[in-house]
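# Understanding the architecture of this molecule
For reference, the chains in residue letters:
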Amino acid sequence: MTIVIGFEGSANKIGIGIIKDGEVLSNPRRTYITPPGQGFLPGETAKHHRSVILTVLQEALDEAGLKAADIDCVAYTKGPGMGAPLVTVAIVARTVAQLWGKPLLGVNHCIGHIEMGRLITNAQNPTVLYVSGGNTQVIAYSERRYRIFGETIDIAVGNCLDRFARVIKISNDPSPGYNIEQMAKKGNKYIELPYTVKGMDVSFSGILSYIEDAAHKMLSTDQCTPEDLCFSLQETVFAMLVEITERAMAHCGSQEVLIVGGVGCNLRLQEMMGVMCKERGARIFATDESFCIDNGAMIAQAGWEMFRSGHVTELPDSWITQRYRTDEVEVTWRD
Amino acid sequence: MAQTDSAKAAVPSYLKEAQMIKQGAEARVYRSTFLGRSVIIKERFPKLYRHPEVDEKLTRRRTTQEVRSILRCRRAGISAPVVYFVDYATHCIFLQDVVNSVSVRDHIRSQPDGLQTLAERIGEVLAQMHDEDVIHGDLTTSNMLLTSGGQQQDFNLVLIDFGLSYISALPEDKGVDLYVLEKAFLSTHPKTEALFERLLKSYSSASKKSTAVIKKLDEVRLRGRKRSMVG
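The rules behind these values
- Residues numbered from 1 in each chain as written.
- Chains lettered and ligands numbered in written order.
- Predicted model: local features only at pLDDT ≥ 70, side-chain atom pairs only at ≥ 80, totals over all residues.
- Heavy atoms only, no water.
- pLDDT = per-residue confidence, 0-100.
- Helix = DSSP H or I, 4+ residues; strand = E, 2+ residues; numbered from the N terminus.
- UniProt positions renumbered as here; feature names shortened; annotations may be inferred.
- Buried < 20%, exposed > 50% of the residue type's maximum accessible area, 1.4 Å probe, protein only.
- Contact = heavy atoms within 4.5 Å.
- Pairing = 2+ DSSP bridges.
- Core = buried A, V, L, I, M, F, W, Y, C linked by side-chain atoms within 4.5 Å.
- Expected span 1.5 Å × (residues − 1).

## Topic: the confidence of the model for chain A
- Looking at chain A as a whole, its pLDDT mean stands at 94, while 100% of the residues score no less than 70.
- At the low end of the mean pLDDT range in chain A sits helix 9 (residues 289-292) of chain A, at 89; at the high end sits strand 1 (residues 3-8) of chain A, at 98.

Below, the structure written as structure tokens:
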């Protein structure tokens, strides 16, 4: 029996989760929400995380019904992410590990998403579409690495959606992506937008520039509604994502797709991916918002896998990094 | 639902007799005969996950661009399949069946040694293609075929699957084309960094316009590799 506590705080979510041999014992989380039209800045986000992290830690232990002595390993997000929030979480994880006398383990955020997705859905060897505010990658496991077959060559899809939300002042509560999804359901006019796919890679900067320029012009002249813009943006960027995922599946000979990351909660994206999978005779796997969105349990789960296969991070090596590629990690816990 | 039904109803007679060999992301690929020749038929079928307006526009544009790029390559002496016939109503392209060929992907996997000559040849062919301002758009080792000549070292490299191709003189587009290949290459064939470097060196030597392209490739690498979760 192995129990791992995981600390996540690479962006605007702070979460602490506890995993016991594949069972989620607790997974509390807080979100730093900014006013409409504003993004979250690293310093302000870190300040938010500092103000709530100990409360969240206590909640995680209470909810799991555990004491410090029951924990076998302390896992934390090493990167990638925003510098200041990562540092905040790493400091607390380091301190806790020393106070409790437990081994420490730095985890790759992206691999946390993948391992949590595999645990929850029971997907065996899927092609993974990892879509969030900071990442857009198509990943498949091969020879002890999660290999990146395709990715954005500029900004992430979630970043594109968030920045569009700022342009037309969509609320950030509970999240801009969620609000775009709800508004898109009421849109019915499709506005043509740039569609940029490069093999298994995508580019979102062009579509964002176009819609930033055109949005106010089109809205002020009643050419379309904000709902139509949300609908059109979603339809276009998600079609691009499904296309590159299908291309990677064809390339790898894969019959499973796993969608992870915050944008993976979007039901329209899941629906479009489902249609593609049905056409190919493939299977789609996705998780709900409690696991799609950044959370502590995913770091605990990846930490659990790593710890069981002999990984430990020594204190001098327990730094963080904003840039940490998914394919840099040797995956020793899979065949 | 109507789109599915009409798509099924519109299956042309020549596809009913053809044998489907694979379904890619872009199209279904069939083997058949056309005027007594063995052909590959590439059918771009409606992608039901896409909005109909997006799908129709992409399908039409990509069919046209594919044929245009293949013809441009062949005129420049770059090996690519012969285009026999294009049915724009059903978005089907009839292409030469490159018989007795093996994909570069399978070749690398089955013969991991002595690949330097192959890497150099790929670099030369891509340089030639880019000098003709053809951007392939989906460069992977699966989209390159090897047909053998008389001797061991005598082989011909055939570029296939121009479904995402277009014409552009911009170094940015050529740099991205190489970046797409680099990622596909290194993901599909781990531990081949030295081989890919050899390919790029060969590309640089063979292309008249390589300096600006390689500079752009370095920029795109930074964008892709360093921007993870930042920005």
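Following the structure, the description resumes.
## Overview of the UniProt feature "binding site: a divalent metal cation" in chain A
Residue and element names in this part refer to chain A.
- Per the UniProt annotation, the sites labelled "binding site: a divalent metal cation" are His109, His113, Tyr130 and Asp294. These residues run over 186 residues, yet every pair of their C-alpha atoms falls within 11.9 Å of each other.
- Here His109 is to be found in helix 3 (residues 109-121).
- Taking relative accessible area as the criterion, His109 reaches 0% and is therefore assigned buried.
- Considering the arrangement of structural elements, one finds Asp294 in the loop between helix 9 and helix 10 (296-308).
- For Asp294, a relative accessible area of 9% translates into the label buried.
- For Asp294, the contacting residues outside a window of four places in its chain are Glu8, Ser10, Ala11, Lys13, Arg29, His109 and His113.

## Some remarks on the pairing of strand 8 (residues 144-148) of chain B
All names here are of chain B.
- In terms of burial, strand 8 is largely enclosed, as 4 of its 5 residues are buried.
- The pairing of strand 6 (residues 101-103) with strand 8 spans 3 bridges and is classified as antiparallel. Along strand 8, the bridge assignment pairs Ser103 with Leu145.

## A look at the nonpolar core
- Phe164(A), Phe204(A), Leu233(A) and Leu269(A) are the most contacted members of the largest nonpolar core, which has 59 residues in total.
- Here this core gets 13 residues from one element, more than from any other, and that element is helix 7 (residues 226-252) of chain A.

## Here we look at the side chain of Thr45(A)
- With respect to the helices, strands and loops of the structure, Thr45(A) is situated in helix 1 (residues 42-64).
- Contact partners of Thr45(A), with chain neighbours within four places excluded, come to Ala11(A), Asn12(A), Tyr32(A), Phe40(A) and Pro85(A).

## Concerning helix 3 of chain A
Residues and elements named next belong to chain A.
- Here helix 3 contains 13 residues, and its C-alpha end-to-end distance of 19 Å stays within 8% of the 18 Å for a straight helix at 1.5 Å per residue.
- Of all 13 residues that make up helix 3, 11 are buried, and the element is covered over most of its length.
- Residues of helix 3 that are buried include every one of His109, Cys110, Ile111, Gly112, His113, Ile114, Glu115, Met116, Gly117, Arg118 and Thr121, and no others.

## Observations concerning unusual backbone geometry
Residue and element names in this part refer to chain A.
- Cis rather than trans, the peptide bond between Gly79 and Pro80 has omega equal to -5 degrees.
- By secondary structure assignment, the location of Pro80 is in the loop between strand 5 (73-79) and helix 2 (83-100).
- The step from Asp173 to Pro174 runs through a cis peptide bond, and the omega angle for that step is 0 degrees.
- Within the secondary structure layout, Pro174 lies in the loop between helix 4 (157-167) and helix 5 (176-184).

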